[in-house]
Amino acid sequence: MALASKQIAEQHLVLTAIGQDKTGLVSELTGLVSECRCNVVDSKMAIFGNEFTMIMLLAGDSASLVQLEMQLPQLAMKLNLLTMMKRTAKHLELSVDNLQVTLEGPDRAGTIKTITSFFAQNNVDISSLKSNTSTQNEQEWQVAEIVISLPSELSIEKLDLGLSDVCKTLNMTATINPITIDSK
């Protein structure tokens, strides 16, 4: 009787880290991920002020993720990082219904709240939000890029009309473009 091969179920973990920026942090964190036989499925990194920030979606079997969960606190202490981990479901790829909304205009308190509230009221899911401010002609200027998924009951035309109305009240402009996914 041949032994049936045991298929190990892949599990997922979201790992976030924040701390003072210094050379080698990414190498140290990804080194531990590799050492624990986990894979980086997706990651984002940024510097805010002097702070390094990173979020990663990791995959591995249960034993590998438990090993990482046990070893990360010690590495985080050594690197003076604040870390958080949470188990999650499998990573979903972007659907063809995803759109990128780009907003541009004067930077005012509450702009992002107003826009995200409009999306929430229309059952529009936000999967990514990036916002930057700069000074243009002695005025604080904001550019926000938001990736959204439309619910089936909302047309792009209706979204565009509603968003245009909201943007008028904020003295901003909005453009909506489909996201093209490169085939590999």
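Engineer: Before we go on, may I ask you to explain the sheet that holds strand E3 (residues 51–60) in this structure?
Structural biologist: Within a sheet, neighbouring strands are paired by backbone hydrogen bonds and run either parallel or antiparallel to one another. Here we have four strands laid out as an open sheet, ordered E2-E3-E1-E4, and antiparallel in their pairing. In this open sheet, the two strands that pair with only one neighbour each are strand E2 (39–48) and strand E4 (82–88). Direction aside, neighbouring strands of the sheet carry axes that sit 10° apart on average. As defined by bridge partners, strand E1 (residues 11–20) adjoins E3 across 10 bridges and the pair is classed as antiparallel. When the bridges of E3 are listed, Gln11 appears paired with Gly60. In this fold helix H1 (residues 25–35) packs onto E1, E2 and E3, with an angle of close to 15° to the strand it touches most, E3. The strands touched by helix H2 (residues 62–79) are E1, E3 and E4; relative to E4, the strand with the most contacts, the crossing angle is about 165°.

Engineer: I would appreciate a short explanation of the packing of H1 against H2 in the present structure.
Structural biologist: The relative placement of two packed helices is expressed as an angle between their axes plus a distance between the axes. Between H1 and H2, whose axes approach to 10 Å, the crossing angle comes to 160°. When the interaxial angle is binned, H1 and H2 end up roughly antiparallel. In the packing of H1 onto H2, the handedness of the crossing is right-handed. Contact residues: Leu25, Glu28, Leu29, Leu32, Val33 and Glu35 in H1; Gln67, Leu68, Gln71, Leu72, Leu75, Lys78 and Leu79 in H2. When its residues are assigned to classes, the contact of H1 with H2 shows eight nonpolar, two polar and three charged.

Engineer: Would you mind showing me how to read the pairing of E1 here?
Structural biologist: Regular strands place side chains that alternate from one sheet face to the opposite one. Summarising the sheet, E1 and E4 pair through seven bridges and their orientation is antiparallel. Bridging across to E4, Leu13 finds its partner in Arg87.

Engineer: Sorry if this is basic, but what is going on with the pairing of strand E5 (residues 98–106) here?
Structural biologist: In terms of residue burial, E5 counts as a mostly covered element, since seven of its nine residues are buried. Sheet topology places E5 next to strand E8 (residues 173–178); six bridges connect them, and they run antiparallel. Bridge pairing in E8 places Leu99 opposite Pro178.

Engineer: Explain the packing of aromatic side chains to me, please; I cannot follow it from the model alone.
Structural biologist: What describes a pair of aromatic rings is the distance from one ring centre to the other and the angle between the planes of the rings. Per the counting criterion, the structure on display carries one aromatic pair. Ring geometry for Phe118 and Phe119: centres 5.7 Å apart, planes at 55°, overall tilted. This pair shows no difference in class: Phe118 is buried, exactly as Phe119 is.

Engineer: In this structure, what is going on with the layout of surface pockets? I would like to understand it.
Structural biologist: One simple way to see leftover space: roll a probe sized like a water molecule over the atoms. Of the voids in this model, the second largest pocket is the one considered here, and its volume is about 350 Å³. Lining the second largest pocket are 14 residues, with Lys44, Met45, Ala46, Phe48 and Leu129 positioned closest to its centre. At the level of secondary structure, the elements contributing two or more residues to the lining of the second largest pocket comprise E1, E2, E3 and strand E6 (125–136). In terms of residue count, the dominant contributor to the lining of the second largest pocket is E6 (five residues). Its residues assigned to classes, the lining of the second largest pocket shows seven nonpolar, five polar and two charged.

Engineer: I would appreciate a short explanation of unusual backbone geometry in the present structure.
Structural biologist: Not every positive phi belongs to a glycine, and Asn80 is a case in point at roughly 60°. The topology assignment puts Asn80 in the loop between H2 and E4.

Engineer: How should the confidence of the model for the protein be read in this particular structure?
Structural biologist: Any region with low pLDDT has predicted coordinates that should not be read closely. Across the protein, the average pLDDT comes to 89, with 90% of residues at or above 70. Across residues 1–6, confidence stays below pLDDT 50; counting only partners more than four residues off in sequence or on other chains, it has zero contacts.

Engineer: I would appreciate a short explanation of the pattern of salt bridges in the present structure.
Structural biologist: A side chain of one charge can pair with a side chain of the opposite charge if their charged atoms are brought near each other. Following the criterion strictly, the structure yields three salt bridges and no others. A salt bridge links Glu28 to Lys78, with the nearest nitrogen and oxygen atoms 3.8 Å apart. Of this pair, Glu28 sits in helix H1 while Lys78 sits in helix H2, placing them 50 residues apart in sequence. As a salt-bridge pair, Asp42 and Lys44 come within 3.7 Å of each other at their nearest N and O atoms. A residue is classified by how much of its surface remains accessible, and Lys44, at 52% relative accessible area, is exposed.

Criteria and thresholds
Residues numbered from 1 in each chain as written. Predicted model: local features only at pLDDT ≥ 70, side-chain atom pairs only at ≥ 80, totals over all residues. Heavy atoms only, no water. Pairing = 2+ DSSP bridges. Helix = DSSP H or I, 4+ residues; strand = E, 2+ residues; numbered from the N terminus. Axes fitted to C-alpha atoms, helices over the stretch in contact; angles between N-to-C directions. Contact = heavy atoms within 4.5 Å. Parallel < 35°, antiparallel > 145°, perpendicular 65-115°, else oblique. Left-handed = near helix turned anticlockwise from the far one by under 90°. Nonpolar A, V, L, I, M, F, W, Y, C, P; charged D, E, K, R; others polar. Buried < 20%, exposed > 50% of the residue type's maximum accessible area, 1.4 Å probe, protein only. Phe/Tyr/Trp six-rings, centres within 6.5 Å; stacked < 30°, edge-to-face > 60°. 1 Å grid on protein atoms, 1.4 Å probe; cavity = no way out; pocket = protein on both sides within 12 Å on 5 of 7 lines; lining within 4 Å. Points joined across faces, edges and corners; volume = space filled by probe spheres on them. pLDDT = per-residue confidence, 0-100. Salt bridge = Lys/Arg side-chain N within 4 Å of Asp/Glu carboxyl O.

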